[in-house]
Amino acid sequence: MSWFTKWSFKNKAAVAILSILIMGLGLISYTTMPMEFLPAADQPQVTVVVMGDGSDAETMRESVTEPIESALSGIAGKKNVFSTTGDGYSKTDIFFESKTPMKEAKTDVQEAISSLTLPTNVSKPHIVQLNTSMIPISQITVTFGGGVTPENIEFAEKEILPSFKSIKGVGSVQVMGTSSSSVSLELKEKEMAENGVTLQQFLGVLQGHDTSAAVGGKTLNGEAANIKVIGNIGSLEELGKLPVTPGVLLKDIATVKESSSSNALNHINGEEGLFIVVTKDTSSNAVSVTKEVAAAAEKLNKKFKQQETTVVLDTGEMIQNSVHTMMKEVLLGALFATIVIMVFLRNVRSTVITIVSIPLSLCFTLFLLSRSGITLNILTLGGVAVAVGRLVDDSIVVIENIFRKRQSEPFSVSMIMVATKEVGSAITSSTLTTVAVFLPIGLVSGSLQEFVLPFALTVTYSLLASLVVALTVVPVMSAGLLKNAKLPEHKPPAAFTNFVSWSLDHKKTILLVSGFLFAGSIGTYFAMPKGAVDSSGADFVVATLAYPNTTPVEEVRENSLELEKFILGREEVLYNITQMGNSAEAAQFGQVGSPTQTSFSIILKEKDKTHALLSAIEEQKDNYPGAELTVAAASMMGASSSEITVDVLGDSIEEIELAANEIKKALSGIEGVESVSTNLEEKKMVYSFEVRPEEANAQQVAQQLSLMLNRVPIGAVELQGQKTPVFVEPLLDPKQPDDLNDITVLAHQGPKPISEVAKLQGKEEPTSLYHKDGVLYARVSGVVDSGKISDIAAEMNTLLFAGKDKGGLDLPKEVEVAVGGASVQQSDDFTDLFITMAASVGIVFLIMVITFKTIRAPIAILFSLPLAAIGAILGLLVSRIAVDITALLGALMLIGIVVTNAIVLLDRVKQNEKKMSIRESIVEAAAVRMRPILMTAVATICAMLPLLFKKAESGVLVSQSLAVVVIGGLAVATLLTLVVIPVVYELLHYRKSRKERQLKAEAAEQEQ
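Everything numeric here is computed off the predicted structure, so don't read it as measured data.

Enquirer: Just give me the short version of the overall build of the chain, but keep the residues and values in it.
Expert: In terms of helices and strands, the chain carries 34 helices and 31 strands. Split into buried and exposed, the 1008 residues of the chain put 51% on the buried side. Of the contacts made within the chain by residues no fewer than 6 positions apart, 80% connect residues no fewer than 24 positions apart. By element, 55% of the accessible surface of the chain is carried by carbon and sulfur atoms, the whole surface being about 45400 Å².

In structure tokens, the structure reads:
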């Protein structure tokens, strides 16, 4: 690589101009790059949601879930199909292989579902494919003085929503809470009977009235004109005057009124309101878009006094804080590296020359990232924070060699070029090995790859940039700044030289101690707990109040309002959003669940008050008997909990339920498992009529009962310019099972009590039914301590799969058990990273063989990897941090970092062998290279110190555990590399070295 240096000396002006240009382009890239929370990543999942008010879980399963599962059977690339069916809803999750193009997958699902004919009483299927770009950048609430009326909804749609949709960079604007108003028709049975009006006649009352149709064109007044027929009902009074039969008006047989749904709740700080979710497009800057959204909200409040628009959650501010925090850590890391270099070289000019590589490399990296379409997010900045210490390594080695040569040779350009050339191959190969570590990142599957890839590209670009700077800018600056500088004299430490010589004479001792430490560290690793990534940095708090499905909705609503009042009474609460029930708007995001569950999203005035609020809400559990109240800190990536699941599959629901209950009982006894539940626990009485075919038609009976017992939509009218649905309220409200038998239905022989044509049977059935690839299954779910996932998984696997004779459970042979959740995801991620590490070691070895043109030196260099493992595991042990994905990512980085020291050392040994014996070459190289090796290691360690004390943030792969692994591994590996690698290298050349020493001894004897 010496031609780089030669070119730079011949073109000093070009080097200066290029350096200024790179700095400028880097700064421009930093200000123009899209800034977002996380890189764009598709979730390999498509969700289909169908809602059917009033339908029980079994009916939804037979009429909706199973037809959808059947339609999806031919979808290409799908891995598993999971479905959850509950009272009033069906949710089907299709999981795909990680490499599947998700846009095409969603289209395939849409085409498959479009061919289905679903029951008329269920909603149109909502098909959702989520990705990180759908993470809301702003969440906005709109409240009105008069509540959410049709007029206010229309106002919001015409004035408020367009204000946000028109902002450049906004991808979508979704509004929730608009479906609260409807027209209710309560039938009067006595008046209907007196006027001879049937239910079927009543249901057709709106048919044809809400119509707009073109009937053709004619020449009128000598001009061509179109003719239209428009039907429109614009008030409740007009609706009441509609004729049902000749002489009978709607208001004569029904009470007409406007009502709001009692099954839904959408409150903002205790007031009824609208909830708006804003997402950005893929190419825009999240921070600038959120600023525009906030400005638009402020403008709306000044313009329209009848409403209040409030931005309750602004992710742009969070992103900006995360970016600024990470940049602060980068600058602190650079400062620490500067101090280290200054301490070692004791010369300001040399320090300045070395430190120049940091801003130049960073600016070049930012420019390359912008050209590669990578956004500025917490992962790319994390890559910069990790690489900042390594950015000065190449420059340190170059400047230190120039510094050392300057003491023994006259200062000249040729001396600088020779000094650079001496270490050029070493720093090139060491940088390439570090970069090569990230090449096999393509072996990592799924979302982990999409998260690690921006990080890997950032590290790669920055290291390659630092190499170019070290070979061009550093020599040129040295020629200018060090020409008349007085450099302090440096002498290799005699004590260290003697220790290296002693080590070479006592190889067994050194190798046995190193082997013992390595074996101990590996044993410790397998005994250490493995955990999930800690995302304890909370953005808000989420509380859930869940009642059994048998609980009346009115009771759930009343108690939810009581808990809402308590939350709003807490001084640390800034905003609280209360949502209860399912809605079409939430279904568009794949969110559907129990109608007797209420969620509270709480945003605090100060984040450090989170624990106090969590404790306060926890203390309220006793006030809601029969309900499950849960509360957790949450972030933009979800609540901070880890869940393991056990799926029990089989043909018999009784055997599945029996096995699920046994597993639940066993899991509850495992230490670290905080709570266990099954989806079959909650049951609801289902009453079924078995119709005798000789007496009545079952389908006709079902239709009649549906009309009499449920709210039935019969059309829509336009009130205050707003389309409002019209519902017929249930004709009957039975209180006891016997009341059902008294219902009169139309049978083959005319009207009869249903008890005469059908038999009523009651049976308890689960409120939720789960299918896995079309097979009925039960799911046992457990919330576990995220730091003990591996220990819990090991004990759980023993219980499930070891057999009764080995301490396991005695489960029925007819059921099949599958483990999922956090433990399986962790295992998959760990396996992927271990494969990546193995591939990285192979690539590193290949590069070293090409560099040294021999196999022995690379083998010696690879011995630095076990030494790094000793320090990494020791660091985790001392810090008491569980092994997680970020720790393994640190281990992956170590592969590239620690071999650098060994390469720099053995490169000098190979140069010395041309004029010295192997023993002399090793001792001299260890003495000469000790200072640059220590400088690079200490600079890298000090640059990572800010990360060591960094609090975990949601979605961040670069945090404390990664810093612990890198710092611990690099510290121990550096100290042992200077001793163990010389021993291994001489051992690989044992015969030649022994012969050289014997000849030297004989020559010494002859001289005497």
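The structure having been displayed, the exposition proceeds.
Enquirer: I'd like to hear about the nonpolar core, residue by residue, with values.
Expert: Counting 114 residues, the largest nonpolar core has Ile358, Val392, Ile861, Val898, Leu906, Met944 and Tyr985 as its most contacted members. At 16 residues, helix H30 (residues 885–912) tops the list of elements feeding residues into this core. Apart from residues no more than four positions distant in its own chain, Val392 is found in contact with Ala337, Ile341, Thr354, Ile355, Ser357, Ile358 and Ala939. With 40 residues, the next largest nonpolar core counts Ile137, Val170, Ala297 and Ile374 among its residues.

Enquirer: Could you give an account of the packing of aromatic side chains, with specific residues and numbers?
Expert: Scanning the model with the defined rule gives five aromatic pairs in all. Ring geometry for Phe82 and Tyr777: centres 6.1 Å apart, planes at 75 degrees, overall edge-to-face. Of this pair, Phe82 sits in strand E2 (residues 78–86) while Tyr777 sits in strand E30 (residues 775–784), and the two are 695 residues apart along the sequence. Taken individually, Phe82 and Tyr777 each receive the classification buried, so the pair is uniform in this respect. Put simply, the rings of Phe82, Phe95 and Tyr777 touch in pairs and so form one group of aromatic residues.

Enquirer: Can you lay out the pattern of salt bridges for me, pointing to particular residues and giving the numbers?
Expert: Applying the stated criterion to the full structure yields 18 salt bridges. Here Lys405 ties to Glu409 by a salt bridge, and the two come within 3.1 Å at their closest N and O atoms. Judged by its relative accessible area of 32%, Glu409 falls in the partly exposed class. We note a salt bridge from Arg570 to Glu572, for which the minimum N-O separation is 2.9 Å. Connected via shared salt-bridge partners are Lys405, Glu409, Glu422, Arg908 and Glu924.

Enquirer: Tell me about the packing of helix H2 (residues 12–32) against helix H13 (residues 357–371), and name the residues and values.
Expert: It is the contact of H2 with H13, at a shortest axis distance of 8 Å, that shows an interaxial angle of 55 degrees. The pairing of H2 with H13 is recorded here as oblique in orientation. Considering how the two elements wind past one another, H2 and H13 form a crossing that is left-handed. Contact residues: Ser19, Ile22, Met23, Leu25, Gly26, Ser29 and Tyr30 in H2; Pro359, Leu360, Cys363, Phe364, Leu366, Phe367 and Ser370 in H13.

Enquirer: Before we move on, could you go through the packing of helix H16 (residues 413–436) against H30 and cite the residues and values that matter?
Expert: Their axes nearest at 9 Å, the elements H16 and H30 cross at an angle of 155 degrees. Considering their axes alone, H16 and H30 lie roughly antiparallel with respect to each other. In the crossing of H16 with H30, the sense of the turn from one axis to the other is right-handed. Contact residues: H16 offers Glu422, Ser425, Ala426, Ser429, Ser430, Thr433 and Thr434, while H30 offers Gly896, Ile897, Val899, Thr900, Ile903, Val904, Asp907, Arg908 and Gln911. Classifying every residue of the contact of H16 with H30 by side-chain character gives five nonpolar, eight polar and three charged.

Enquirer: Residues and numbers for the side chain of Thr5, please.
Expert: On the secondary structure map, Thr5 appears in helix H1 (residues 2–10). Once you skip the residues sitting within four places of it in the chain, Thr5 turns out to touch Met417, Thr420, Leu471 and Pro475.

Enquirer: An account of a nonpolar patch on the surface is requested, with residue identities and associated values reported.
Expert: A cluster of nonpolar side chains, Trp3, Trp7, Leu18, Leu21 and Leu25, forms an exposed patch at the surface whose accessible area comes to about 510 Å². At the level of secondary structure, the elements contributing two or more residues to the nonpolar patch comprise H1 and H2. With three residues, the single largest contributor to the nonpolar patch is H2. Relative to the helices and strands, Trp7 is located in helix H1.

Enquirer: Outline unusual backbone geometry, listing residues and values.
Expert: The phi angle at Asn221 is positive, at roughly 55 degrees, despite the residue not being glycine. Since its relative accessible area comes to 82%, Asn221 is described here as exposed. A positive phi is found at Lys853, a non-glycine position, where the angle reads about 55 degrees. Among the secondary structure elements, Lys853 is positioned in the loop between helix H27 (822–852) and helix H28 (856–862).

Enquirer: Can you tell me about helix H5 (residues 150–165), naming the residues and giving the values?
Expert: Three or four residues apart is the spacing at which side chains of an α-helix point the same way, because the helix has 3.6 residues per turn. For H5, built from 16 residues, the straight-helix expectation of 22 Å at 1.5 Å per residue is met to within 8% by its first-to-last C-alpha distance of 21 Å. Roughly 40 degrees is the biggest bend found in H5, and it falls at Ala156. Inspection of H5 places Pro150, Asn152, Ile153, Glu154, Phe155, Ala156, Ile160, Leu161 and Phe164 among the buried residues, and these make up the whole buried set.

Enquirer: Outline a positive patch on the surface, supporting the account with residue identities and numerical values.
Expert: Taken together, Lys6, Lys10, Lys421 and Lys914 make up a surface patch of like positive charges. Within the element layout of this structure, Lys6 appears in helix H1.

Enquirer: A description of the environment of Thr886 should follow, citing residues and the corresponding values.
Expert: The residue Thr886 is located in helix H30 in this model. Sequence separation of Thr886 and Leu962 is 76 residues, and the distance between their C-alpha atoms is 5.2 Å.

Enquirer: Which residues make up H13, and what values do they have?
Expert: With 15 residues, H13 ought to run about 21 Å at 1.5 Å a step, and its terminal C-alpha atoms sit 21 Å apart, in line with that. The set of residues buried in H13 consists of Ser357, Ile358, Leu360, Ser361, Leu362, Cys363, Thr365, Leu366 and Leu369.

Enquirer: Tell me about the environment of Ser652, residues and numbers included.
Expert: Residue placement: Ser652 occurs in the loop between strand E21 (642–649) and helix H23 (653–668). Judged by its relative accessible area of 22%, Ser652 falls in the partly exposed class. In this structure, the C-alpha to C-alpha distance between Ser652 and Val815, residues 163 residues apart in sequence, is 8.5 Å.

Rules of the game
- Residues numbered from 1 in each chain as written.
- Predicted model: local features only at pLDDT ≥ 70, side-chain atom pairs only at ≥ 80, totals over all residues.
- Heavy atoms only, no water.
- Helix = DSSP H or I, 4+ residues; strand = E, 2+ residues; numbered from the N terminus.
- Buried < 20%, exposed > 50% of the residue type's maximum accessible area, 1.4 Å probe, protein only.
- Contact = heavy atoms within 4.5 Å.
- Areas by Shrake-Rupley, 256 points an atom, 1.4 Å probe, with all protein chains shown as cover.
- Core = buried A, V, L, I, M, F, W, Y, C linked by side-chain atoms within 4.5 Å.
- Phe/Tyr/Trp six-rings, centres within 6.5 Å; stacked < 30°, edge-to-face > 60°.
- Salt bridge = Lys/Arg side-chain N within 4 Å of Asp/Glu carboxyl O.
- Axes fitted to C-alpha atoms, helices over the stretch in contact; angles between N-to-C directions.
- Parallel < 35°, antiparallel > 145°, perpendicular 65-115°, else oblique.
- Left-handed = near helix turned anticlockwise from the far one by under 90°.
- Nonpolar A, V, L, I, M, F, W, Y, C, P; charged D, E, K, R; others polar.
- Patch = residues over 30% accessible without salt bridge, like charges linked within 9 Å, V, L, I, M, F, W, Y side chains within 5 Å.
- Expected span 1.5 Å × (residues − 1).
- Bend = angle between axes of the 7 residues up to and from the residue.
- Lys, Arg positive; Asp, Glu negative; His and termini not counted.
- Charge placed at Lys NZ, Arg CZ, Asp CG, Glu CD.

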